[in-house]
Amino acid sequence: MEYNFEVVVIGAGQAGLSMGYHLGQKGVSYTLLEEHPRVGDSWRNRYQSLELFTPREYSALPGLKMIGEPKGYPTKDEVADYLEMYAEHFQMPVMLNTSVQALQAVPNGFRISTSRGDIHAHKVVVAIGAFQKPFTPALSGTVADSVFQIHAADYRDPSPLRDGAVLVVGAGNSGVQIAQELTEKHQVILSVGKEMKFLPKEWMGRSIFKWMDLTGVAKATVDSKLGRFIRKNDPIIGFEVKAFLKSGAIQLRPRTKSANGNEIVFEDGSSCEVQNIIWATGYRSDYRWIKLSGLFDEDGNVIHQRGKTPVPGIFFLGLSWQYRRGSALLMGVGEDAEYLAGWM
């Protein structure tokens with residue numbers, strides 16, 4: 001079966017749903033394609049203890065507040081249910097269980113090849129977000145088979161881990177949260193590539209994001225001097241891990257350099273033996289399914305101006321620092337979606 005729409009939005013996470021909201025406000029004919037069985041499953045499938053560092057009042061999409069204490073911090077399941085409720089509240093046309101295999105140009109638009117057949121669209125918004133393909137360094141292949149290894153994207157809880165020490169490689173917000181959780185039953189080593197910088201979750205009784213609003217930091221754009229500084233020095237939100245580091249429950253080590261069996265060698269020449277490794281080493285983009293020229297630079301990055309690409313009719317939404325720091329977050333993606341809706 002072949003479907004025809006004015007606009008097709010690929011992805012029904014926070015980016016796609018924000019786009020759907022603004023397209024609906026304009027009366028544009030559109031549909032959302034979602035590979036999972038339910039809206040919000042990308043959040044449901046993350047680690048069990050995940051809690052956002054943005055309070056509920058800064059975790060809502062346009063047009064609908066998140067239920068609960070505004071200053072409290074939502075769990076990942078709460079976010080998942082909110083996204084599902086959001087799609088239902090605005091009666092969004094979501095095609096679930098629909099994976100996209102290819103996007104290519106055809107006369108008068110684009111053809112999207114999916115698990116449910118071909119879809120024709122005059123315009124396409126790629127809203128699959130910043131977290132696509134988990135990245136694991138090549139040195140993981142030199143680790144002994146006796147060491148349990150998992151990427152943070154596949155980690156749910158500590159139960160599959162083996163007895164003994166755990167190395168968490170990567171100290172972003174996810175890596176730090178997971179490391180803290182593991183201290184209950186394991187010796188934890190946290191390997192970081194650069195000096196860790198911190199911001200408090202709250203200051204003087206207000207969320208740090210409220211202060212970012214009041215001081216204008218939240219409005220810093222990707223090309224501004226302040227925006228470039230923040231990108232290079234993106235902090236950990238919250239001071240909780242400092243107590244673990246001070247007590248020795250989490251041992252801090254520099255960048256992981258190499259592995260020999262179950263011995264891990266760090267950049268400063270020190271080493272340790274571990275029985276588990278969690279790779280909190282981020283994600284890489286994977287756009288091989290997009291069969292269009294002129295969209296990517298030589299490093300595979302999307303060429304765009306605030307989500308509008310050089311290819312007429314093709315847009316991206318939810319990229320990291322697409323326009324501001326919040327572009328890939330619940331708190332900021334709606335603003336970018338509203339901007340792109342003006343081109344539809």
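Since the model is a prediction, treat every value here as computed from it, not as a measurement.

J.: Before we move on, could you go through the side chain of Arg306 and cite the residues and values that matter?
T.: When you line up the elements, Arg306 lands in the loop between β21 (290-291) and β22 (314-316). A relative accessible area of 15% places Arg306 in the buried class. With near-sequence residues (within four places) excluded, Arg306 lies in contact with Gln322, Tyr323, Glu335, Asp336, Tyr339 and Leu340.

J.: Tell me about unusual backbone geometry, and name the residues and values.
T.: Unusually for a residue other than glycine, Asn97 sits at a positive phi of about 50 degrees. Structurally, the position occupied by Asn97 is in the loop between β3 (94-95) and β4 (100-106). Positioned with a positive phi, Arg306 is a non-glycine residue whose angle comes to about 55 degrees.

J.: Mind laying out the sheet that holds strand β17 (residues 263-266), listing which residues take part and the relevant values?
T.: A sheet is described by the order of its strands in space; here three strands give the open sequence β16-β17-β18, paired in antiparallel fashion. The sheet is open, and its two edges are formed by β16 (256-260) and β18 (271-273), each paired on a single side. Across the sheet, the mean angle separating the axes of adjacent strands is 25 degrees when strand polarity is ignored. Here β17 pairs with β18 via three bridges, running antiparallel. Across the sheet, the residue bridging to Glu263 is Glu273, located in β18.

J.: Go over the nonpolar core, please, and point to the residues and values.
T.: Counting residues in hydrophobic clusters, the biggest one holds 57 residues, and the most contacted among them are Leu17, Met19 and Ile278. At six residues, helix α3 (residues 76-89) tops the list of elements feeding residues into this core. Apart from residues no more than four positions distant in its own chain, Ile278 is found in contact with Ile150, Ala152, Tyr155, Leu161, Val166, Leu167, Val168, Val169, Ile178 and Leu182. Core analysis: the next-biggest nonpolar cluster, separate from the first, contains 23 residues, Phe110, Ile112, Leu292 and Val311 among them.

Cut-offs applied
Here the residue index of a chain counts from 1 through its sequence in written order. Where local features are concerned, this predicted model is filtered to residues with pLDDT of at least 70; where side-chain atom pairs are given and counted, the filter is 80 or more; whole-chain, interface and lining totals use all residues. Only hydrogens and water are set aside; all other atoms, that is, all heavy atoms of the structure, feed into the side-chain values. Each helix corresponds to a stretch of at least 4 residues labelled H or I by DSSP, and each strand to a stretch of at least 2 residues labelled E; elements are numbered beginning at the N terminus. Residue exposure (1.4 Å probe, protein chains only): buried if accessible area is under 20% of the type maximum, exposed if over 50%, otherwise partly exposed. Pairs of residues are marked as contacts when any of their non-hydrogen atoms sit within 4.5 Å. Any two strands are treated as partners once DSSP identifies two or more bridges connecting them. Only the contacting stretch of a helix is used when fitting its axis, a line to C-alpha atoms as for every element, and angles between N-to-C directions run 0 to 180 degrees. To qualify as a nonpolar core, a set must consist of buried Ala, Val, Leu, Ile, Met, Phe, Trp, Tyr and Cys residues joined through side-chain atoms within 4.5 Å.

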